[in-house]
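# Structural description and commentary
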Amino acid sequence: MVEKHKDASLSLAISILKDQDLAEDVLQDIFITVFQKIETFNFKSKFATWLYRIAVNTSYNQLKKIKKGVDFKDITIVPEKLITNEEVLKEENQKRFINLALLRMNADEALTLRIFYLSEISIKEISKITGFKTSKIKVCLHRGRNNLDFQLRQLLGNELNDLL
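Residues numbered from 1 in each chain as written. Predicted model: local features only at pLDDT ≥ 70, side-chain atom pairs only at ≥ 80, totals over all residues. Heavy atoms only, no water.

## Brief notes about the overall build of the protein
On a plain count of helices and strands, the protein comes out with eight helices and zero strands. Seen in sequence order, the protein has helices and strands lined up from the N terminus as α-α-α-α-α-α-α-α. Across the 164 residues of the protein, 41% fall into the buried class. Looking at the protein alone, contacts between residues at least 24 apart form 68% of all its contacts between residues at least 6 apart. (Helix = DSSP H or I, 4+ residues; strand = E, 2+ residues; numbered from the N terminus. Buried < 20%, exposed > 50% of the residue type's maximum accessible area, 1.4 Å probe, protein only. Contact = heavy atoms within 4.5 Å.)

What follows is the structure, encoded as structure tokens:
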């Protein structure tokens with residue numbers, strides 16, 4: 001179960017917390033909570049929906065505890081290493097810049113984009129996971145796509161077309 005859901009859960013935590021190391025710590029808390037509350041799972045929804053709801057709640061609770069005053073729109077990251085194989089390089093750079101752009105975005109927008117596109121979960125299920133109304137999810141997806149495009153253009157400028 002952990003192997004199957006850890007990457008998606010970590011991605012959700014990163015969307016909310018904007019910090020890889022903190023998200024990895026929270027990931028442990030997420031799975032501890034899942035194991036402690038597994039008997040409360042009632043099979044009325046998908047297991048992943050229930051688990052991701054725990055991931056979102058745990059991440060937001062941690063965010064409330066730390067309340068950092070960091071403005072992530074000012075963050076710039078230089079890619080750590082360059083890969084020589086052109087196709088692999090292009091894919092790795094796409095992932096790196098998309099993740100960086102998501103870090104610079106509003107948490108609700110980044111969260112809904114990650115759940116909808118990376119986890120391929122329906123809007124109805126996203127509502128169960130996040131507690132957002134479907135109208136808010138649709139707005140977050142619309143604004144999130146526009147904001148992602150804006151953030152990528154801010155990061156890459158004219159090089160955006162080359163990367164995509």
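## Details of a nonpolar patch on the surface
Together, Met 1, Val 2 and Phe 35 give the surface a local cluster of nonpolar side chains, amounting to about 260 Å² of exposed area. Looking at the secondary structure, you find Phe 35 in helix H2 (residues 20-37). (Patch = residues over 30% accessible without salt bridge, like charges linked within 9 Å, V, L, I, M, F, W, Y side chains within 5 Å. Areas by Shrake-Rupley, 256 points an atom, 1.4 Å probe, with all protein chains shown as cover. Salt bridge = Lys/Arg side-chain N within 4 Å of Asp/Glu carboxyl O.)

## Overview of helix H6 (residues 123-130)
Looking only at H6, the buried set comprises Glu 125, Ile 126, Ile 129 and Thr 130. Projected onto a plane normal to the axis of H6, the buried residues spread over an arc of 125 degrees and lie on a single side. Two residues or fewer after H6 comes Gly 131, characterised by a positive phi angle close to 80 degrees. (Arc of directions from axis to C-beta.)

## A closer look at the confidence of the model for the protein
As a note on interpretation, predicted positions should not be read in detail where pLDDT is low. When pLDDT is averaged along the protein, the result is 82; 82% of the residues meet or exceed 70. Confidence drops under a pLDDT of 50 for residues 68-84, and excluding neighbours within four residues, the segment shows 18 contacts in the predicted structure. (pLDDT = per-residue confidence, 0-100.)

## Quick notes on the environment of Asp 149
Here Asp 149 lies in helix H7 (residues 134-156). By relative accessible area, which is 33% here, Asp 149 ends up partly exposed. With 51 residues separating them in the primary sequence, Asp 149 and Ile 98 have C-alpha atoms 9.4 Å apart.

## Things to note about unusual backbone geometry
A positive phi angle, close to 60 degrees, is found at Lys 18, a residue other than glycine. When you line up the elements, Lys 18 lands in the loop between helix H1 (2-17) and H2. Using a relative accessible area of 11% as the deciding quantity, one classes Lys 18 as buried. Although it is not a glycine, Phe 43 adopts a positive phi angle of roughly 65 degrees.

## Notes on the packing of H2 against helix H3 (residues 47-66)
Two elements in contact, H2 and H3, have axes separated by 9 Å at closest approach and are oriented at 130 degrees. With respect to each other, H2 and H3 are oriented oblique. The crossing of H2 and H3 is right-handed. Each of Leu 22, Val 26, Asp 29, Ile 30, Phe 31, Thr 33, Val 34 and Lys 37 in H2 lies in contact with H3, whose residues at this interface are Phe 47, Trp 50, Leu 51, Ile 54, Ala 55, Thr 58, Ser 59, Gln 62 and Ile 66. (Axes fitted to C-alpha atoms, helices over the stretch in contact; angles between N-to-C directions. Parallel < 35°, antiparallel > 145°, perpendicular 65-115°, else oblique. Left-handed = near helix turned anticlockwise from the far one by under 90°.)

## Here we look at the nonpolar core
The tendency in soluble globular proteins is for nonpolar side chains to be buried as a group. With 41 residues, the main nonpolar core has Leu 12, Ile 30, Tyr 52, Ile 115 and Leu 148 as its most contacted residues. Non-local contacts of Leu 148, meaning those with residues more than four positions away in its chain, are made with Ile 98, Ala 101, Leu 102, Met 105 and Leu 113. (Core = buried A, V, L, I, M, F, W, Y, C linked by side-chain atoms within 4.5 Å.)

## Some thoughts on the packing of aromatic side chains
According to the stated counting rule, one finds five aromatic pairs in the structure shown. A cation over a ring is seen here: Lys 136 above Phe 132, with NZ or CZ 4.2 Å from the ring centre. (Phe/Tyr/Trp six-rings, centres within 6.5 Å; stacked < 30°, edge-to-face > 60°. Lys NZ or Arg CZ within 6 Å of the ring centre and 35° of its normal.)

## Remarks on a negative patch on the surface
Side chains of Asp 21, Glu 24, Asp 25 and Asp 29 sit close together on the surface and give a patch of like negative charge. Locating Asp 21 in the fold gives a position in helix H2. You can call Asp 21 exposed: its relative accessible area is 54%. (Lys, Arg positive; Asp, Glu negative; His and termini not counted. Charge placed at Lys NZ, Arg CZ, Asp CG, Glu CD.)

## Some points on the pattern of salt bridges
With the rule as written, the count across this model stands at four salt bridges. Ionic pairing is found between Glu 125 and Lys 128, a salt bridge with its closest N-O pair at 3.6 Å. You can see Glu 125 and its partner Lys 128 sitting in helix H6, three residues apart, about one turn around the helix. Residue class for Glu 125 comes out buried when judged on its relative accessible area of 10%. With its nearest N and O atoms 3.1 Å apart, the salt bridge here joins Arg 153 to Asp 149. A residue pair is termed a helical-turn pair when its members lie 3 or 4 positions apart in one helix, as Arg 153 and Asp 149 do in helix H7 at four residues.

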